[in-house]
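Geometric and topological summary
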Amino acid sequence: MGRVLGPIVFLALVAVTFVIRDIEHDQARRLIEGEALGRAMCRRIEAVARPIVAGGRALPGFGALVEHFPELVPMPGERGAAPTYATDAVYIYGLSTRVLRGEDGQARHDYILRAWPLDFGVTGDLEFLIQDGVFWEGRNRLGRSGTEIAFPPPFPATEVNDPRPPWWRVDRPAEEDSDT
């Protein structure tokens, strides 16, 4: 019996190892796909927002932008209050408008977009930030997740100016650079 039991236990351990590896592979794939969807949605929001503020107008909250993004559901909150929030099945997006003064004293409209996973470790691990016209990705050190953990995030994100920030700058694709 001992001679038969050894190979059976060995094969069972090999099978369990492959099952665990497959589960981990699926989890990693879901994280990467979720982050890609979040990143792409930020790019889409930026593509709508950039011409609005470049034209000298204030950017409306998500309630007014929902026609451009039918997959986003504005989250309840005060109407017109900044920031406004919207979600899809993967990330939560926060949009804040602000007025900046140039060196000439003229006011110009700007916006900040932050995005973080709806369910940290399941739908994504990274945070995304568009601030002062720069696209950033971040490590999400706090494990910001939905509206449960570290919500709401700060607008603007002051840590992008730290000596060793948790954010890294993401270059725009070449075709986006030609638009500006």
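Residues numbered from 1 in each chain as written. Predicted model: local features only at pLDDT ≥ 70, side-chain atom pairs only at ≥ 80, totals over all residues. Heavy atoms only, no water.

**Structural notes on the overall build of the protein chain**
When you go through the protein chain residue by residue, the secondary structure sums to three helices and seven strands. A globule of 180 residues ought to have a C-alpha radius of gyration of about 16 Å, yet the protein chain, at 21 Å, is considerably larger. Dimensions of the protein chain along its principal axes, counting C-alpha atoms only, are 90 × 35 × 30 Å. Among the 180 residues that make up the protein chain, the fraction classed as buried is 36%. In the protein chain, once contacts between residues fewer than 6 apart in sequence are set aside, the share between residues at least 24 apart is 56%. Just so you have it, the protein chain exposes about 10,900 Å², and 58% of that area is on carbon and sulfur atoms. Considering the protein chain, the positive charge centre built from 20 side chains and the negative charge centre built from 26 side chains are found 2 Å apart. (Helix = DSSP H or I, 4+ residues; strand = E, 2+ residues; numbered from the N terminus. Rg over C-alpha atoms; globule rule 2.2 N^0.38 Å. Buried < 20%, exposed > 50% of the residue type's maximum accessible area, 1.4 Å probe, protein only. Contact = heavy atoms within 4.5 Å. Areas by Shrake-Rupley, 256 points an atom, 1.4 Å probe, with all protein chains shown as cover. Lys, Arg positive; Asp, Glu negative; His and termini not counted. Charge placed at Lys NZ, Arg CZ, Asp CG, Glu CD.)

**Considerations on the pattern of salt bridges**
What the rule picks out here adds up to eight salt bridges. Among the ionic pairs, Glu 137 bridges to Arg 39, the shortest N-O distance being 2.5 Å. Remark: Arg 39 occurs in helix H1 (residues 2-54) and Glu 137 occurs in strand E6 (residues 134-138); sequence separation between them is 98 residues. We classify Glu 137 as buried; its relative accessible area is 7%. Looking at Arg 39, the relative accessible area reads 25%, which means it is partly exposed. Across the salt bridge formed by Arg 114 and Glu 127, the nearest N and O atoms sit 3.0 Å from each other. Of this pair, Arg 114 sits in strand E4 (residues 107-117) while Glu 127 sits in strand E5 (residues 127-131), placing them 13 residues apart in sequence. (Salt bridge = Lys/Arg side-chain N within 4 Å of Asp/Glu carboxyl O.)

**Remarks on the sheet that holds E5**
The strand order E1-E2-E3-E4-E5-E6-E7 describes an open sheet built from seven strands, whose pairing is antiparallel. Each edge of the open sheet is held by one strand with a lone partner, namely strand E1 (73-74) and strand E7 (167-169). By the bridge criterion, five bridges tie E5 to E6 in an arrangement that is antiparallel. Note that in E6 the partner of Gln 131 across the bridge is Val 134. (Pairing = 2+ DSSP bridges.)

**A word on the layout of surface pockets**
As a volume, the second largest pocket reaches approximately 210 Å³. Contributing to the lining of the second largest pocket are 13 residues, with Val 53, Arg 108, His 109, Asp 110 and Gly 133 lying nearest its centre. At the level of secondary structure, the elements contributing two or more residues to the lining of the second largest pocket comprise H1, E4 and E5. (1 Å grid on protein atoms, 1.4 Å probe; cavity = no way out; pocket = protein on both sides within 12 Å on 5 of 7 lines; lining within 4 Å. Points joined across faces, edges and corners; volume = space filled by probe spheres on them.)

**Quick notes on the confidence of the model for the protein chain**
Overall, the prediction assigns the protein chain a mean pLDDT of 81, with 91% of residues at 70 or greater. Ranking the elements of the protein chain by mean pLDDT puts helix H3 (residues 174-177) last, at 52, and E5 first, at 91. (pLDDT = per-residue confidence, 0-100.)

**Points about the packing of aromatic side chains**
Summed over all chains, the structure comprises seven aromatic pairs. Centre to centre, the rings of Phe 128 and Phe 135 are 6.2 Å apart; their planes meet at 50°, and the pair counts as tilted. Across the pair, Phe 135 and Phe 128 agree in class, each one buried. Aromatic ring contacts, followed pair by pair, group Tyr 85, Trp 116, Phe 151 and Phe 155 into a single cluster. (Phe/Tyr/Trp six-rings, centres within 6.5 Å; stacked < 30°, edge-to-face > 60°.)

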